[in-house]
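Analysis of the macromolecular model
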Amino acid sequence: MILLNRLQVKFCKFYFSTTRMSNSCTVTLRQGTIVGSESLLPNGKKFYSFKGVPYAQPPKRFQAPLPITSFGEKVLQCTEERAVAVQRDMFGSEYIGSEDCLFLNIYTPALNGKKLPVMFWIHGGAFNSGSGNSDLYSPEYLVQEDVVVVTINYRLGPLGFLYLPSAGIHGNFGLKDQLQALKFVSQNIETLGGDKDNITLFGESAGGASVNFHFLSKESRKYFHKAICQSGVVMNDWVLQVAPVEKSCKLAKLLGCKDVTDHQKVRETLLNASAEDIARQANHTVSEDEKRRSFIMPFRPVVESQNTVDPFVKEHPLITIQRQDTLSDIPLISGVTDMEGMIMLKDCLMKTKSFNEDFCKYIPMSLNVLPDSKEAVATGKTIKEFYFGSKALDNSTEKEICEFMTDFHFSFLHYMHAELMAKHQRGTKQYIYRFSFDGELNMFKKFYAKTPVKGACHADDIFYLFNMTMAHVPVEENSDEAVIRASMTKLWTNFAKYGEPTPKNTNLGFIWEPVDQVDPLKCLDINKPCKLVTNPDDRRIQFWRGIYKKWNKSSIHPKL
């Protein structure tokens, strides 16, 4: 494993940046002077990038981030990215990163003198992996629409989300890192061509859910003005951590703690263990029920205890959403891909026997039915029969697997979130989308699903917004992929500029209308051509409505 400290990173970045000084640019922020790079956009215009900018002090383990007052250098080289959070590499098996990972990257088409809209990106990765770096998230196509783009790293896994309040570990450090980055951007972005009074928060998967948490947070809402949640909202089953104290104790036991009933000893063990060991043992803390449901995402956000100092998540998000008309001043886009579940296809095909025999695997965690009860078995059998009929779950039912996992993990509770917002937050301008285009830039489908089933995999929409430099795919100028990329970047940047994706005089050829009622639910289908539809995937959504009405009183009353 490579665990870089800040001194090593500085040496490496200085070595590589010296070859680019002829195209450098210098900006002075409140914390000091930084040197970045000047490059060309796809349209030939100049833009400036500042990478690896520290937005907080090097964090102390299991403590909230602290603001940075000085970079500690006369001139800080910011021409290369710095360390990512400690994690298992999502494209390999090695462990990478550093606890000193609170860095951001800024890309701007203009420096002093302009106030351009700012788009602040929060990466996904199950709260366990990923970074804001340009291997996945190089934002040239957004930047050439005259916006400033910021991408960030934040703490992940147990180092970002471990929770043991009795020992003073209050969790949600990753979300608190994101808030600290927002504060830093608000403080400095006008020196970098951005408008601190026009910041759009956007993210995908765990990043989308993170955006949703900030949308619900009074403190966060001071620092941004629009929000986009891609393939992730707070209501998804995989967002809130299950049995967080038990997981913390189990992790300490795996790391050698002899008495996990003594939470001070648990804390001491966790503080003394290496970051790599903590990351390596994290997945071994999931419960048997989570293993059964393939929820291998042990450390996630929590609702913090009442005695927490400066809690970030003060109450269950469903309570906040249903507090009438308290969130009306920030417009919201949210959406899913039409075949999100492709990301789970390979795993499902490795577990066909258990899926075919264990009907309780089909029960969402938010469904209020006791695990392994006769009612759970009967309900699971009903769900399986709805998607698969009399067929077995195997290679011949890949499409059905993808549809089931899409609804189970993403789409149903996303649409219920949209309905709750429409019902309780009537003043919020809300736009819903479904991304269904299947093209050459659907990179996660290529990497993970490798299936002939039509549709867009989880995260496939990302690569029509960002350039994936680690696996660049050339796109011909007039191809369908180029058209979808142009539409996506225009919709997202229009929203950042104007608070609506298709303002007057738009030249996209369609109007994306906001949600104005629960039924029918308006939704933009992003494909070629883009078109407004109502109640997408209605047959499947109505089925889940019936399941939730039976066990949770109503379809928009998931279990708290």
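That block above? That's the structure.
Throughout this document, residue positions are counted from 1 along each chain, in the order its sequence is written. Given that the model is predicted, a residue must reach a pLDDT of at least 70 before its local features are reported, and side-chain atom pairs must reach 80 or more before they are shown or counted; all residues, however, enter totals for whole chains, interfaces and linings. For side-chain calculations, the full set of non-hydrogen atoms in the structure is used, while hydrogens and water are omitted.

Overview of the layout of surface pockets
Points on a 1 Å grid, built from protein atoms alone, make a cavity when a 1.4 Å probe fits but cannot get out and make a pocket when they are open with protein on both sides within 12 Å along at least 5 of 7 lines; residues with an atom within 4 Å of a point are the lining residues. Grid points are joined across faces, edges and corners, and a volume is the space filled by probe spheres set on the points. Approximately 1,600 Å³ is the volume attributed to the largest pocket. Forming the boundary of the largest pocket are 46 residues, of which Ala126, Ser129, Ile296, Ile343 and Tyr448 lie nearest the centre. Secondary structure follows DSSP: runs of H or I at least 4 residues long count as helices, runs of E at least 2 residues long count as strands, and numbering of each begins at the N terminus. At the level of elements, β5 (87-88), α3 (157-161), α8 (275-281), α11 (345-349), α14 (398-424) and α15 (443-449) are the ones that each hand at least two residues to the lining of the largest pocket. Under the scheme applied, nonpolar residues are Ala, Val, Leu, Ile, Met, Phe, Trp, Tyr, Cys and Pro; charged residues are Asp, Glu, Lys and Arg; polar residues are all the others, including Gly. Taken together, the residues that form the lining of the largest pocket break down as 25 nonpolar, 13 polar and eight charged. Lining the second largest pocket are 31 residues, with Ser217, Glu219, Pro311, Phe312 and Lys314 sitting closest to its centre. Elements with a minimum of two residues in the lining of the second largest pocket: α4 (173-188), α5 (206-216) and α10 (317-321).

Some remarks on α5
Counting buried residues in α5 gives 11 out of 11 residues, a clear majority hidden from the surface. For each residue, the accessible area found with a 1.4 Å probe, counting protein chains only, is set against the maximum for its type, and the residue is called buried under 20%, exposed over 50%, and partly exposed in between. Among the residues making up α5, those that are buried are Ala206, Gly207, Gly208, Ala209, Ser210, Val211, Asn212, Phe213, His214, Phe215 and Leu216.

Describing the nonpolar core
Considering soluble globular proteins, one finds that nonpolar side chains tend to be buried as a cluster. Counting 174 residues, the largest nonpolar core has Phe50, Leu104, Phe120, Trp492 and Trp544 as the members making the most contacts within it. Per-element tally for this core: the top contributor is α14, with 14 residues. Filtering out sequence-adjacent residues up to four positions away, Phe120 remains in contact with Val150, Ile152, Gln178, Ala181, Leu182, Val185, Ile199, Thr200, Leu201 and Phe202. Side-chain atoms within 4.5 Å are what join buried Ala, Val, Leu, Ile, Met, Phe, Trp, Tyr and Cys residues into a set we call a nonpolar core. Whether two residues touch is decided by their heavy atoms; if any such pair falls within 4.5 Å, the residues are in contact.

Things to note about the packing of aromatic side chains
Paired rings are identified among Phe, Tyr and Trp, the last through its six-membered ring, by centres lying within 6.5 Å, and are further divided according to the angle between planes into stacked (under 30 degrees), edge-to-face (over 60) and tilted (the rest). Considering all chains together, one arrives at 29 aromatic pairs under this definition. Ring centres of Phe202 and Phe466 lie 6.0 Å apart, and the angle between their planes is 15 degrees; on these two criteria the pair is classed as stacked. Here Phe466 lies in the loop between α15 and α16 (480-498) and Phe202 lies in strand β10 (residues 194-204), a separation of 264 residues in the sequence. Residue class for Phe202 comes out buried when judged on its relative accessible area of 0%. Exposure remark for Phe466: the relative accessible area of 2% places this residue in the buried category. The structure contains a cluster of three or more aromatic residues connected by ring pairs, namely Phe355, Tyr362, Phe386, Tyr387, Phe404, Phe408, Phe412, Phe543, Trp544 and Tyr548.

Examining the pattern of salt bridges
Here, a salt bridge means any Lys or Arg side-chain nitrogen found within 4 Å of an Asp or Glu carboxyl oxygen. Under the counting rule described, the total for this entry stands at 32 salt bridges. The salt bridge involving Arg300 is made with Glu290; its shortest N-O contact spans 3.1 Å. You can see Arg300 sitting in the loop between α9 (288-292) and α10 and its partner Glu290 sitting in helix α9, a full 10 residues away along the chain. Neither residue differs from the other here; Arg300 and Glu290 are each classed as buried. Taken together, the shared-partner salt bridges connect Lys399, Glu403, Asp407, Arg434, Asp525, Asp537 and Arg540 into one network.

Digging into unusual backbone geometry
Put simply, Asp519 and Pro520 share a cis peptide bond, and its omega is 5 degrees. Examined against the element boundaries, Pro520 turns out to sit in the loop between α16 and β14 (522-526). Here the residue pair Lys528 and Pro529 is connected by a cis peptide bond, since its omega of 10 degrees sits within 30 degrees of zero. Relative to the helices and strands, Pro529 resides in the loop between β14 and β15 (531-534). Within the chain, Phe127 stands out as a residue other than glycine whose phi angle is a positive 60 degrees. With respect to the helices, strands and loops of the structure, Phe127 is situated in the loop between β8 (116-122) and α2 (140-143).

Here we look at the side chain of His458
Within the element layout of this structure, His458 appears in the loop between α15 and α16. A residue is classified by how much of its surface remains accessible, and His458, at 8% relative accessible area, is buried. There is a polar contact of 3.4 Å between the side chain of His458 and the side chain of Glu204. Every residue in contact with His458, bar those within four places of it in the chain, is listed here: Glu204, Ser205, Ser231, Thr337, Met339, Glu340, Ile343, Phe410 and Phe444. For the purposes of these results, a polar contact is taken to be a pair of N or O atoms within 3.5 Å, where, inside protein, one atom must be able to donate a hydrogen and its partner to accept one; residues adjacent in sequence count only when each atom of the pair is a side-chain atom.

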